[in-house]
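Per-entry structural report
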Amino acid sequence: MINEPHKIPAVSNLLSLADTSILIEQHGLKLVTICAQKVLSDVRKRIGEGISVDNDALSEMIQDEVSRFTQPSLRRVFNLTGVILHTNLGRAQLPESALKAIINVAKDPTNLEFDLHTGKRGDRHEHTQELLCYLTGAEASIIVNNNAAAVLLTLNSLAKRKEVLISRGELVEIGGSYRMPDIIVNAGCKLLEVGTTNCTNEADFQRALGPKTAILMKVHPSNFEVRGFTRSVSNSSMARIAKSANVPFVTDLGSGLLTSSDNNCLQDEMTVVEVLRAGADLATFSGDKLLGGPQAGIIVGRTDLIKKLKRNPMMRALRPDKMTIAALEAVLKLHTNPKQLRKNLPTMRFMSRDFSELKSAAARIAPELRRHCNEFCVTESFTQSQVGSGALPTQKIDSFGLKITPIDTKNKSSKKLTSLAYAFRNLPIPVVGRISADAMWLDLRCLEDEPGFVKNIKSLQIK
Ligand SMILES: *Cc1c(COP(=O)(O)O)cnc(C)c1O
């Protein structure tokens with residue numbers, strides 16, 4: 001029994017234990033040694049606190065430490081937050097066809113930048129160009145890493161050391177460190193604020209035009225809404241003013257909806273087609289928001305401007321990899337048949353899921369949950385989902401799920417909820433819900449693998 005510091009074995013002794021030898025064979029001497037050292041240093045501390053261990057316990061601790069180290073850091077989780085496109089949970093889930101496309105190009109060499117017709121160097125943007133032009137009505141397109149990169153590249157290519165005119169009401173912060181004024185400055189441009197927070201008129205833009213004006217820009221107010229006395233300049237008016245000044249009009253759409261025909265909650269959102277038709281010279285949007293594809297930034301619009309963007313040395317640093325292009329191409333193909341999107345594209349499928357379907361899922365899951373949440377009350381409950389990722393910020397989608405509340409609400413209910421949420425995150429497939437109003441909510445809108453979820457919660461251990 002090891003219960004005093006001087007009885008703690010040397011690392012070399014631990015490494016010769018039978019179980020540890022197997023670990024060394026599987027994972028290599030270096031990794032196991034580091035894990036053994038960590039275990040011993042933890043044990044040293046805990047012996048001071050009066051704990052004792054034996055060799056079996058030590059070898060088990062080493063095993064646990066090695067498992068912790070070798071387990072992937074990036075793991076699948078269940079998103080039951082009710083936010084369909086959750087940035088922290090990786091946004092859009094890809095459709096089957098995109099997964100196949102990724103595996104196909106990841107495994108083998110591809111014609112990424114190789115023209116199979118001429119045998120000469122090709123262009124990686126060509127693979128999605130025809131589809132993008134077909135879907136948006138644009139002349140040309142390019143793909144970059146994300147929409148932030150798309151905006152950065154556009155500004156730097158067209159307005160370096162010159163002025164970007166933008167309404168004060170559209171100087172948005174998307175989240176984290178993405179703030180429009182900072183992006184403009186970091187792209188090497190000068191920001192010229194136009195109008196006021198709530199009202200900007202055409203005349204404000206006309207007055208702001210000058211010899212250094214390089215771009216008129218419009219930014220989608222993705223994650224907020226200004227109500228009351230408000231006025232903004234429409235895409236078509238912006239386009240007209242830009243044309244009269246002979247400068248491009250660029251619009252950052254954020255989500256980049258392609259078609260709204262089939263979904264009620266998308267009716268008020270302008271599509272990329274509409275924005276280009278209204279006269280935008282370039283439009284930028286994300287691949288993993290309402291488009292439902294991989295993380296990417298898409299720029300569509302005038303051929304001459306796209307050419308300038310492609311020539312920017314920054315392009316090399318922002319270009320997407322072959323897996324992104326493969327997945328994006330597959331997702332764009334699905335968009336050519338909008339009627340089938342509700343079936344084939346997870347993002348659209350989640351958005352349009354039937355309320356009664358969610359209600360019956362809740363009824364099936366509730367008894368399973370009750371079995372594993374002893375000190376909690378599990379009720380089937382109405383809730384509301386959101387699209388998320390700055391798409392349709394004020395739009396709520398009626399949904400259904402499970403509300404879990406501590407039975408004994410007198411003491412420390414917040415502490416109990418914290419332990420509950422931890423227990424869910426600690427499951428073999430972590431479950432992420434939402435805590436609000438003294439309850440933990442599991443919104444079932446994005447749950448498709450119900451058998452997997454039910455099997456998973458059998459391991460729930462609330463401490
Ligand atoms: C989301 C968003 C961005 C950033 O897009 P990423 O793809 O996350 O880089 C930029 N602008 C607007 C208006 C957005 O909504």
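Residues numbered from 1 in each chain as written. Predicted model: local features only at pLDDT ≥ 70, side-chain atom pairs only at ≥ 80, totals over all residues. Heavy atoms only, no water.

So, the sheet that holds strand 9 (residues 282-286)
As a reminder of what qualifies: Two strands form a pair only when DSSP identifies at least two bridges running between them. The secondary structure listing takes helices from DSSP runs of H or I that are at least 4 residues long and strands from runs of E that are at least 2 residues long, numbered from the N terminus. Axis definition: a line fitted to C-alpha atoms, over the contacting stretch in the case of helices. Angles run 0 to 180 degrees between N-to-C directions. Contact definition: two residues touch when any of their heavy atoms are within 4.5 Å.
Spatial ordering of the open sheet is given by 2-10-9-8-7-3-6, a layout of seven strands whose pairing is mixed. Since the sheet does not close on itself, it has two edges, and those belong to strand 2 (140-144) and strand 6 (190-194), each with one partner. When the angles between neighbouring strand axes are averaged without regard to direction, this sheet yields 25°. Pairing geometry for strand 3 (residues 163-167) and strand 7 (residues 213-219), over four bridges, is parallel. Within the sheet, the bridge partner assigned to E163 lies in strand 7 and is T213. Along the sheet face, helix 6 (residues 126-136) touches strand 2 and strand 10 (297-301) and points at about 120° away from the line of strand 2.

Comments concerning the site of the ligand
Note the following rule: Whether a residue is near a molecule or strand is decided by its heavy atoms; if any one of them lies within 4 Å of it, the residue is near. Each polar contact in these results corresponds to two N or O atoms within 3.5 Å; when the atoms are within protein, one needs to be able to donate a hydrogen and the other to accept it, and residues that are neighboring in sequence are counted only if both atoms are side-chain atoms. Each residue gets one of three labels, nonpolar for Ala, Val, Leu, Ile, Met, Phe, Trp, Tyr, Cys and Pro, charged for Asp, Glu, Lys and Arg, and polar for the others, Gly among them.
Around the ligand, the structure places R91, N146, N147, A148, I174, Y178, H220, S222, D252, G254, S286 and K289. Contacts to the ligand include R91, whose side-chain N or O atom sits 2.9 Å from an oxygen atom. Here D252 contributes a side-chain N or O atom positioned 2.6 Å from a nitrogen atom of the ligand. Grouping the constituent residues of the shell around the ligand by class yields three nonpolar, six polar and three charged.

Notes on the domain arrangement of the protein
What counts is decided by this rule: For each domain, the first and last residues come from an automatic or database assignment.
As assigned here, the protein comprises domain 1 (5-70), domain 2 (78-87 + 350-457) and domain 3 (96-344). Just the C-alpha atoms count here: the centres of domain 1 and domain 2 sit 39 Å apart.

Observations concerning the environment of V151
With respect to the helices, strands and loops of the structure, V151 is situated in helix 7 (residues 147-159). When the C-alpha atoms of V151 and D252 are compared, they prove to be 7.1 Å apart, with 101 residues separating the residues in sequence. If we ignore the near neighbours within four places in the chain, the residues touching V151 are Y178, M180, I183, M217, D252 and T284.

Side note on the packing of helix 7 against helix 12 (residues 303-311)
Stated formally: Note that the term roughly parallel is reserved for angles under 35 degrees, roughly antiparallel for angles over 145, roughly perpendicular for angles of 65 to 115, and oblique for everything else.
Direction vectors running N to C along helix 7 and helix 12 enclose 100°, while the axes themselves pass 9 Å from each other. By the criterion of interaxial angle, the relationship of helix 7 to helix 12 is roughly perpendicular. Residues L153, T154, S157 and L158 of helix 7 pack against L305, K308 and L309 of helix 12. Tallied by class, residues from the contact of helix 7 with helix 12 come to four nonpolar, two polar and one charged.

Re the nonpolar core
Note that soluble globular proteins tend to have their nonpolar side chains buried in a common cluster. So the rule is basically this: For the purposes of this section, nonpolar cores are sets of buried Ala, Val, Leu, Ile, Met, Phe, Trp, Tyr and Cys residues that join through side-chain atoms within 4.5 Å. Residue exposure (1.4 Å probe, protein chains only): buried if accessible area is under 20% of the type maximum, exposed if over 50%, otherwise partly exposed.
Within the largest apolar cluster, 32 residues are counted, with the highest numbers of intra-cluster contacts made by L153, L155, M180, I184, M217, L282 and I299. Elements with a minimum of two residues in this core: strand 2, helix 7, strand 3, helix 8 (180-186), strand 7, helix 12 and helix 13 (314-318). No other element matches helix 7, which puts seven residues into this core. Residues in contact with L282, not counting those within four places in the same chain, are T154, L158, F249, V250, T251, I299, V300, G301, R302, L305, I306 and L309.

Considerations on the packing of aromatic side chains
Stated precisely, the cut-off is as follows: Note on ring pairs: Phe, Tyr and Trp rings are taken, using the six-membered ring of Trp, and paired if centres are within 6.5 Å. Classes follow the plane angle, with under 30 degrees stacked, over 60 edge-to-face and the rest tilted. Each ring is checked for a lysine NZ or an arginine CZ that lies within 6 Å of its centre and within 35 degrees of its normal; such an atom marks a charge sitting over the ring.
Evaluation of the coordinates by the stated rule reveals three aromatic pairs. Relative to F382, the ring of F355 lies with its centre 6.1 Å away and its plane at 55°, an arrangement referred to as tilted. Highlighted residues: F355 in helix 17 (residues 355-372) and F382 in strand 11 (residues 376-385), separated in sequence by 27 residues. Three or more aromatic residues joined by ring pairs form one cluster here, namely F355, F382 and F400. In this arrangement the basic side chain of R76 is found over the ring face of F78, its NZ or CZ atom lying 4.8 Å from the centre.

Section: the pattern of salt bridges
Quick reminder of the rule: Within this document, salt bridges are pairs made up of a side-chain nitrogen of Lys or Arg and a carboxyl oxygen of Asp or Glu, the two lying within 4 Å of each other.
In the structure shown here, the tally under the stated rule is 24 salt bridges. Across the pair D288 and R91 runs a salt bridge, and its minimum N-O distance is 3.1 Å. Pair noted here: D288 is in the loop between strand 9 and strand 10 and R91 is in the loop between strand 1 (78-79) and helix 5 (96-107), with a separation of 197 residues, a long-range link. Side by side, D288 and R91 carry an identical accessibility label, which is buried. Across the pair E448 and R349 runs a salt bridge, and its minimum N-O distance is 2.6 Å. In this pair, E448 is assigned in the loop between strand 15 (439-443) and helix 19 (450-457) and R349 in helix 16 (residues 346-351), connecting sequence segments 99 residues apart. Beyond isolated ion pairs, a larger network of salt bridges with shared partners links K38, D42, E65 and R68.

Some details on unusual backbone geometry
What you tend to see is this: most non-glycine residues have negative phi, and most peptide bonds are trans. The phi angle at R91 is positive, at roughly 50°, despite the residue not being glycine. Of note, N246 is a non-glycine position whose phi angle comes to about 60°, a positive value. In this structure, N246 sits in the loop between helix 10 (235-245) and strand 8 (249-254). The exposure class of N246 is exposed, given its relative accessible area of 71%.

Some words on helix 14 (residues 322-335)
Keep this limit in mind: Residue count minus one, scaled by 1.5 Å, sets the expected span of a helix.
Between its first and last C-alpha, helix 14 extends 20 Å over 14 residues, near the 20 Å set by a 1.5 Å rise per residue. When you tally the buried positions in helix 14, you get ten out of 14 residues, the bulk of the element. Listing the buried residues of helix 14 in full gives T324, I325, A326, A327, L328, A330, V331, L332, L334 and H335. Where helix 14 is buried, its residues contact helix 5, helix 6, strand 2, strand 10 and helix 15 (341-344).

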